[in-house]
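Listed here are the chains, written in short residue letters.
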Amino acid sequence: MDPRTPCLIGVAQHTVREQPGPEPLDLWELVAREAAREARLPLHRLDSIQIVYSDSWQYDAPADRLARRLGADPSHRVYSKVSGTAPQLLIGEAAARIARGELEAALVVGAEALATRRAYRHRGEHVPWSHAAHPKPPYGWERPPHASEIAHELFMPVHTYAIMETARRKSRNLDLKEEMLDRGEMMAPMTEVAAANRHAWRRKVMTPQELATPTAANRFVGWPYTRNTVAVIEVDQAAALVLASAGLADRLNVPRDQRIYLRGWAYAEDTWEVAARPELGASEALGHAARAAFERAGLGLDDMNALDLYSCFAIALRQACDTLGLDPLDRRGLTVTGGLPYAGGPSSCYVLHSTATMAALLRDGGHGLVTGVGMHLTKHAYAVWSSEPGTDRSDGVPVFVADPVPIADVHEGPATVAGYTVAHDREGRPDKGILIVDLPDGRRAHALVRQADLIADALGRELVGQEVRLSSEGGVNQAAW
Ligand SMILES: CC(=O)SCCNC(=O)CCNC(=O)[C@H](O)C(C)(C)COP(=O)(O)OP(=O)(O)OC[C@H]1O[C@@H](n2cnc3c(N)ncnc32)[C@H](O)[C@@H]1OP(=O)(O)O
């Protein structure tokens, strides 16, 4: 074997159960030390430290602070942008550099302490954490929301994903109740996986009915999604991966069955704005990423022994199943962790956890698929991991970037609903409708619905396909019918 073959030789995960807990820097250090211990790697041998963006706290120099804690002096230091695909892009980058002989050992690490932030918030206290960046840097997204999304208050994933779900619901002619029960049936097995995962945030087995039925404890958060079917973000969780060259793994005497290989991976992008997607309920990019990853790995879906499909919201799972031709009730299950709603959805870091869990499983031999989604189902990363090495040395250059449908900021006149959600308040009461509409000239637009009777109508039946009239004031479109 080429001594520069990259392999994953150490993993660690940690979940903090009592809040307030430690700050992200402490968590990074904790899991980094544990993963390096498993990898038999002296920390000073690390020549790359790559950290996934933390929503919990902005440090002045994250990678430098961690390097100092670990007693390492890596030549390669990265702090990612916000995205659920960031872990896979960092892993892919580390593997490519190892394969080129630029690095021998890399740490990819991430942590959130959002449950602790919340605990301090509820006590009315500031978090007492170290090395804050001054001034506070701008939020780490690659692009801010579109002006029309801001004007129509459409930037939270609980709303954008819900809109895509209603568009798919209509395209499949599912009625409202059918979609909810179908979602419960798809996600209930994930709760069983989470219950058996000692790192999972929520370890309670739930039935399809419990997931599908709205109650006070399972309120609508972005209709038609209820709390128990969406990513749980306020968690304290950390994970770390150590990648090394096969040559170094040999010198460290890492057992062969502890080495897992990134056999093939690929990255692709849908349009940044949900409204700009040619089909709101389907992904063009996902299929390109999946095909390229399998091709590069020289393997197919049927060869996979285990799967972990990114599961922030049901539509992410459904788009993946639709595109891959995978039965949502496939005997392999859709997740090895329990997924973001149950195992935990620590902002951009989830794929570190799914990869760590998959790696531990594959030590018994076999192949596994781990996928990532970023922003509003914009970014897609597909990674095939294996106990047997392959030859793929791809980088993160997208294999496909979708073309956007133009968005009209304001519009007066007729339009057709393409997808919608009803935003709910903290008490679970309907607040406003948010629509994406098709315009007669082929463009798309956003619109709000504020009238209580129209909101009630939108909650009671399928509104996708409904002809509406838009009126515009102050850059905000209002819809009525
Ligand atoms: C690519 C991707 O990964 S996309 C996925 C990104 N992840 C997400 O979008 C996470 C989605 N999940 C969530 O937002 C949350 O877990 C929720 C809202 C479902 C949590 O619900 P709960 O656990 O019941 O928490 P709770 O209702 O106490 O709210 C937690 C916080 O969310 C915010 N929040 C909750 N509901 C609302 C609402 N209707 N409007 C505005 N803010 C809200 C508040 O800031 C609240 O904090 P506070 O308690 O200090 O006021």
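Residues numbered from 1 in each chain as written. Predicted model: local features only at pLDDT ≥ 70, side-chain atom pairs only at ≥ 80, totals over all residues. Heavy atoms only, no water.

Under an unreviewed UniProt entry, the name given to the protein chain is Acetyl-CoA C-acetyltransferase, and the source organism is Nonomuraea soli. Turning to the protein chain, the UniProt annotation filed under Sequence similarities (unreviewed entry) states: "Belongs to the thiolase-like superfamily. Thiolase family." (UniProt positions renumbered as here; feature names shortened; annotations may be inferred.)

**Student:** Would you explain the environment of Leu307 in this entry?
**Tutor:** Position of Leu307 among the secondary structure elements: in strand β9 (residues 306-308). Overall, Leu307 belongs to the buried group, its relative accessible area being 0%. Remark: the alpha-carbon pair of Leu307 and Gly390, spanning 83 residues in sequence, is separated by 19 Å. Setting aside chain neighbours within four positions, we find Leu307 in contact with Leu301, Leu326, Arg332, Gly333, Leu334, Thr335, Val336, Met358 and Leu369. (Helix = DSSP H or I, 4+ residues; strand = E, 2+ residues; numbered from the N terminus. Buried < 20%, exposed > 50% of the residue type's maximum accessible area, 1.4 Å probe, protein only. Contact = heavy atoms within 4.5 Å.)

**Student:** Looking at this model, I keep getting lost on the packing of aromatic side chains. Mind explaining?
**Tutor:** For any two aromatic rings, the description comes down to two numbers: the centre-to-centre distance and the angle of the planes. Counting across every chain of the model gives 9 aromatic pairs. Consider the rings of Tyr161 and Phe313, whose centres lie 4.6 Å apart with planes at 35°: the pair is tilted. Of this pair, Tyr161 sits in helix α6 (residues 157-171) while Phe313 sits in the loop between β9 and α11 (314-324), and the two are 152 residues apart along the sequence. Ring geometry for Trp223 versus Tyr420: centroids 5.4 Å apart, planes at 35°, classification tilted. Here Trp223, found in strand β5 (residues 220-223), pairs with Tyr420, found in strand β12 (residues 413-424); they are 197 residues apart in sequence, far enough to count as distant. Among the residues examined, Trp223 registers a relative accessible area of 4% and is labelled buried. (Phe/Tyr/Trp six-rings, centres within 6.5 Å; stacked < 30°, edge-to-face > 60°.)

**Student:** Could you clarify how one ought to interpret the environment of Arg4 in this entry?
**Tutor:** Here Arg4 is to be found in the segment before β1 (6-15). On the accessibility criterion, Arg4 (41% relative accessible area) is partly exposed. Leaving out residues up to four positions away in the same chain, Arg4 has contacts with Ile98, Ala99, Arg100, Gly101 and Ser245. A polar contact of 3.4 Å, which involves the side chain of Arg4, links it to the backbone oxygen of Ala99. (Polar contact = N/O pair within 3.5 Å; in protein donor to acceptor, adjacent residues only side chain to side chain.)

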